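For reference, the chains in residue letters:
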Amino acid sequence: MLWINPQKAEGLKSAFPSLKISHQKNSLSVEIDKDKVLELLKYLKENPEYSFKMFIDFTLVDYPLHNPRFQAVYILYSPDYNERIIVKTWTDETLPSITTLWKGAKWAEREAYDMFGVRFEGHENLVRMFLWETYPYFPLRKDFPKEGIKDTYLPSLNERDNIPSHDYDPYHTAIPTLEDLEITERKRINKKNQIVLNWGPLHPGTHGTIWFLFDLEGETIKDCDIILGQLHRGIEKLAEDLTYTQIIPYTDRMDYISALCSNIAYVNAVEKLLGVEPTEKAKWIRTMMAELQRINSHLLWLGTTALDLGALTMFLYTFREREKLMDIIEGIAGIRLNSSFLRIGGVRYDLPEGSLDVIKHFIKDFPSRIKDYEDMLTKNRIWIRRNKDVGVVTKEDVYQYGLTGIMARSAGVPYDIRYIQPTDAYPEVDFEIPLGTVGDAYDRYLLRMEEMKQSLNIIAQCVKKLEELKNDKHLATENPYVLPTLQETYFSIEAMVKDFNLRIYGEKAPKGEIYLSGENPRGELGFYIVSEGEGRPYRLRIRSGAFYNLQIFPELIKGRTVADAVTLLGSIDPVVGETDR
Amino acid sequence: MAITGNSGIILTTVEEVLSWSRRNSLWPVSIGLACCAIEMMHTAASRFDTDRLGIIFRGSPRQADVLIVAGTVVNKVAPMLKLIYEQMPDPKWVISMGGCASGGGPFPTYSTLQGVDRIIPVDVYIPGCPPTPQALLWGIIQLQKKIKEKKEGKELKEIPIRVPTESKPIKQI
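Residues numbered from 1 in each chain as written. Chains lettered and ligands numbered in written order. Predicted model: local features only at pLDDT ≥ 70, side-chain atom pairs only at ≥ 80, totals over all residues. Heavy atoms only, no water.

### Quick notes on empty space enclosed by the protein
Enumeration over the complete set of coordinates arrives at five cavities of 30 Å³ or more. Taken as a whole, the largest cavity spans an internal volume of roughly 120 Å³. Along its surface, the largest cavity is lined by 15 residues, and Ile264, Thr423, Tyr426, Gly518 and Glu519 of chain A are the ones closest to its centre. Those elements that provide at least two residues to the lining of the largest cavity are α7 (259–274), α8 (280–308), α14 (417–420) and β15 (512–520) of chain A. The residue inventory of the lining of the largest cavity, partitioned by class, reads seven nonpolar, five polar and three charged. What the second largest cavity holds in volume is close to 80 Å³. Lining the second largest cavity are 15 residues, and of these Cys35, Cys36, Thr72, Cys100 and Cys129 of chain B sit closest to its centre. For the lining of the second largest cavity, the element with the highest residue contribution is helix α4 (residues 98–103) of chain B, accounting for three residues. Each residue belonging to the lining of the second largest cavity can be placed in one class, and the counts come to seven nonpolar, six polar and two charged. (1 Å grid on protein atoms, 1.4 Å probe; cavity = no way out; pocket = protein on both sides within 12 Å on 5 of 7 lines; lining within 4 Å. Points joined across faces, edges and corners; volume = space filled by probe spheres on them. Helix = DSSP H or I, 4+ residues; strand = E, 2+ residues; numbered from the N terminus. Nonpolar A, V, L, I, M, F, W, Y, C, P; charged D, E, K, R; others polar.)

### Thoughts on the pairing of strand β4 (residues 93–97) of chain B
Residues and elements named next belong to chain B. Along β4, five of the five residues are buried, which leaves the element largely enclosed by surrounding structure. What you see with β4 is no split at all: Trp93, Ile95 and Met97 on one side and Val94 and Ser96 on the other are buried throughout. Strand direction decides the pairing type here: strand β3 (residues 66–70) and β4, joined by five bridges, are parallel. Counterpart to Ala70 in the pairing with β4 is Met97. In the classification by handedness, the crossover that spans β3, the intervening helix α3 (residues 78–87) and the parallel β4 is right-handed. For β4 and strand β5 (residues 124–126), the ladder comprises three bridges, and the chain directions are parallel. Its bridge partner lying in β5, Ile95 is registered against Val124. Between the parallel pair β4 and β5, the chain is carried across by α4, and the sense of this crossover is right-handed. (Buried < 20%, exposed > 50% of the residue type's maximum accessible area, 1.4 Å probe, protein only. Pairing = 2+ DSSP bridges. Right-handed = clockwise from strand over helix to strand, strands pointing away.)

### Points about the pairing of strand β1 (residues 20–23) of chain A
All names here are of chain A. As paired strands, β1 and strand β2 (residues 28–31) are joined by four bridges and run antiparallel to one another. Residue pairing across strands places Ser22 opposite Ser29, the latter belonging to β2. Connecting β1 to the next strand, β2, in antiparallel fashion are four residues.

### Some remarks on the UniProt feature "binding site: [4Fe-4S] cluster" (unreviewed entry) in chain B
Residue and element names in this part refer to chain B. Feature annotation in UniProt assigns "binding site: [4Fe-4S] cluster" (unreviewed entry) to the following positions: Cys35, Cys36, Cys100 and Cys129. The greatest C-alpha distance among the residues just named is 9.9 Å, despite their covering 95 residues of sequence, which places them together in space. Here, the second largest cavity is lined by Cys35, Cys36, Cys100 and Cys129 out of the annotated residues. When neighbours within four sequence positions are excluded, Cys100 is seen to be in contact with Gly71, Thr72, Gly105, Pro106, Phe107, Leu113 and Gly115. Tracing the chain through its elements places Cys129 in the loop between β5 and α5 (133–151). Overall, the relative accessible area of 34% leaves Cys129 in the partly exposed class. (UniProt positions renumbered as here; feature names shortened; annotations may be inferred. Contact = heavy atoms within 4.5 Å.)

### Describing the UniProt feature "domain: NADH:ubiquinone oxidoreductase-like 20kDa subunit" (unreviewed entry) in chain B
Here the UniProt-annotated "domain: NADH:ubiquinone oxidoreductase-like 20kDa subunit" (unreviewed entry) positions come out as residues 35–142 of chain B. Regarding residues 35–142 of chain B, the helix share stands at 33% and the strand share at 12%, and the terminal C-alpha atoms are separated by 22 Å.

### Brief notes about the interface of chain B and chain A
In this assembly, 55 residues from chain B lie in contact with 67 residues from chain A. Summed over both partners, the interface of chain B with chain A buries about 5,400 Å², with 64% contributed by carbon and sulfur atoms. Counting the contacts that link chain B with chain A gives three salt bridges. For the salt bridge of Arg336 of chain A with Glu39 of chain B, the shortest nitrogen-to-oxygen distance reads 3.0 Å. The tally of links between chain B and chain A comes to 20 residue pairs in polar contact (both at pLDDT 80 or more). At the level of secondary structure, the elements contributing two or more residues to the side of chain B that touches chain A comprise α2 (35–44) and α3 of chain B. For the side of chain B that touches chain A, the leading source of residues is α3 of chain B, giving six residues. Grouping the constituent residues of the side of chain B that touches chain A by class yields 34 nonpolar, 13 polar and eight charged. (Buried area = accessible area lost by both parts, 1.4 Å probe. Salt bridge = Lys/Arg side-chain N within 4 Å of Asp/Glu carboxyl O. Polar contact = N/O pair within 3.5 Å; in protein donor to acceptor, adjacent residues only side chain to side chain.)

### Things to note about the sheet that holds strand β16 (residues 523–531) of chain A
Residues and elements named next belong to chain A. Strand order in the open sheet formed by three strands is β15-β16-β17, and the pairing between neighbours is antiparallel. Looking at strand neighbours, the two that pair on one side only are β15 and β17 (539–543), the edges of this open sheet. On average, each strand axis in the sheet is inclined to that of its neighbour by 15°, with strand direction left out of account. Pairing geometry for β15 and β16, over nine bridges, is antiparallel. The residue bridging Ile514 from the neighbouring strand is Ile529, located in β16. (Axes fitted to C-alpha atoms, helices over the stretch in contact; angles between N-to-C directions.)

### Quick word on the packing of helix α15 (residues 441–468) of chain A against helix α20 (residues 562–572) of chain A
A packed helix pair is summarised by two numbers, namely the angle formed by the two axes and the spacing between the axes. Residue and element names in this part refer to chain A. With their axes 10 Å apart at the nearest point, α15 and α20 run at an angle of 35° to one another. Viewed along their axes, α15 and α20 form a crossing whose handedness is left-handed. Along its contact with α15, which presents Ala441, Arg444 and Arg448, the element α20 presents Thr567, Leu568, Ser571 and Ile572. Each residue belonging to the contact of α15 with α20 can be placed in one class, and the counts come to three nonpolar, two polar and two charged. (Left-handed = near helix turned anticlockwise from the far one by under 90°.)

### Looking at the sheet that holds strand β10 (residues 195–199) of chain A
All names here are of chain A. One open sheet accounts for three strands, arranged β10-β11-β12; its pairing is antiparallel. Each end of this open sheet is capped by a strand with a single partner; those strands are β10 and β12 (220–227). Adjacent strand axes in the sheet meet at a mean angle of 25° when their direction is disregarded. Note: β10 against strand β11 (residues 211–217), five bridges, orientation antiparallel. Residue pairing for β11: Trp199 is matched across the bridge by Phe212. Sitting on the sheet, α20 is in contact with β10, β11 and β12, with an inclination near 35° to β10.

Okay, here's the thing in structure tokens:
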């Protein structure tokens, strides 16, 4: 675990006597009064002894019976010492804004305001992050129902007269009108130049449903803001009502392009919390599947970005390879896209017969395909002129905005969760982490191509190891927290009772908290879970890599043209399911 | 259609020609909302290749006649989706792809629209989470059948679709 050394944390007490240090099994957090929190964060950031330069996440937890009500949680990372720390404070209504220290806190604070109604003093433009401005409630508060307030009569238009077509509730939560959305838009950006251009939310080039606002002078973008929430489905609220195993399918639907990688990040966090150790074979299967999914995700990025920039051929070629990968994943996991393949303590199925041969064939075939792509793009004059010097990210930006994944590595920061906090079989496999030198969109293209080759390398090692582990178990069913297999449930009464208990009451996790992350193709996907000793999480916070990576977009696009916006958005590669959750 | 003799003369009605050409050149709007959009892209890409059915994705709703609602429709995006539906020229059809678009799917929450048929009428529902490309092709073929049957005067046997008359305010009460 990457937590700060407890002795070092004690050293903070000399500067802040009122500090409370809580050292748990899975985390180390310090707690301080609200009026001192800004001072403490500044001290942690600027003191070279601690140097927590990088902003990871900020969120709130609601305790309705506690006074004050909301607990604020800041997660920071120190790149110099490779340590994390959690800073906590309590508040009722307001908090000081930390955007002066880290620009990356801007959206996190907007989100906290949107979900909990806590205001931030000193925030430059505190508006709702996901919901529209006229929405009257704060959904993540514990006293707000999961289903929302159903106050609008909205029946199905397909209903037959007088005969109900199906059993459903014709009352629905309120839907905004176009005027509501216009108010939302006007609060974001003030027109200072010629025209405010709306790009998105339903535009083929926006990779989903992101809504961009550009304040244009001629074709130059002078100011920009992004409206998110066009895919805000309330996964964090839903998770508070589900057992730990039931949440796994929702992690698929968050980052649907790399579903297996999200599964792994979540399941690892839960396993650490519960103290479950997966079997050796499961670890290797997970690593192999994660890397297959990474190639799959990068191929989709390559195809769609090239399509946006006018290279239609790439789209057809990469989707041909993606189909092969999808077939492999379908053969192993059972479902093409959102496979929910992982379970706490292992994986759902054992590897089917012959699957390793198919993967071996793919490893042999794929390098020549990558070469084809590189031949087409790397020295292509149009590709270079569209990509070079667009969206240059510096090291300081990485720390300020909490950029992770390819965005961080293109700036030359070796921040890769597979390397700094390896889980599963990553400590045992041999791979390299490519780093960029310039930090522009072209660098990020080169990095993704190189990452695909590295992933192939990892898969080859996994296949070799899995051939040795042929007869091992894929699920650690002897552990009390792990669901038994179907075979065991049918043929033994103990397993059936265990299955029933786990499905109805959930995995009773010990009281505590955990933050653990995994390396998604889009950046660090972290899960901050607060457990109150029940079968369901008290609060599940998802730290989305794409959310923080997208935040730098308005900064990078200023002074450039609309055509560059397409390139830049493509090179950041956000997935709206993950940014909006 | 009827071919008389060997002289190669085709006798038909205007409705038949229109119906034939409509069902064989369904042009959808290329809008992706969530996970299903990835499978929709796969359907359009090299392996399944919807071009052979005459399906070409268009960037503008003004040039399209099918709306494939691919993914979760949340409350915030609902008025914009309705706007796009209204911008499409008649005749137009809607395919609701996947569990989320058809009925809320696994997201019974405060922010998700529980079925896209609450704001726009739907012609074909495709089950699945997400539906495979084969399922989407099945849905498209169902829609083609539906267009064909409508021409033959069978539309009265179908469920009558209540088309909303007032479009501006979505809140009905």
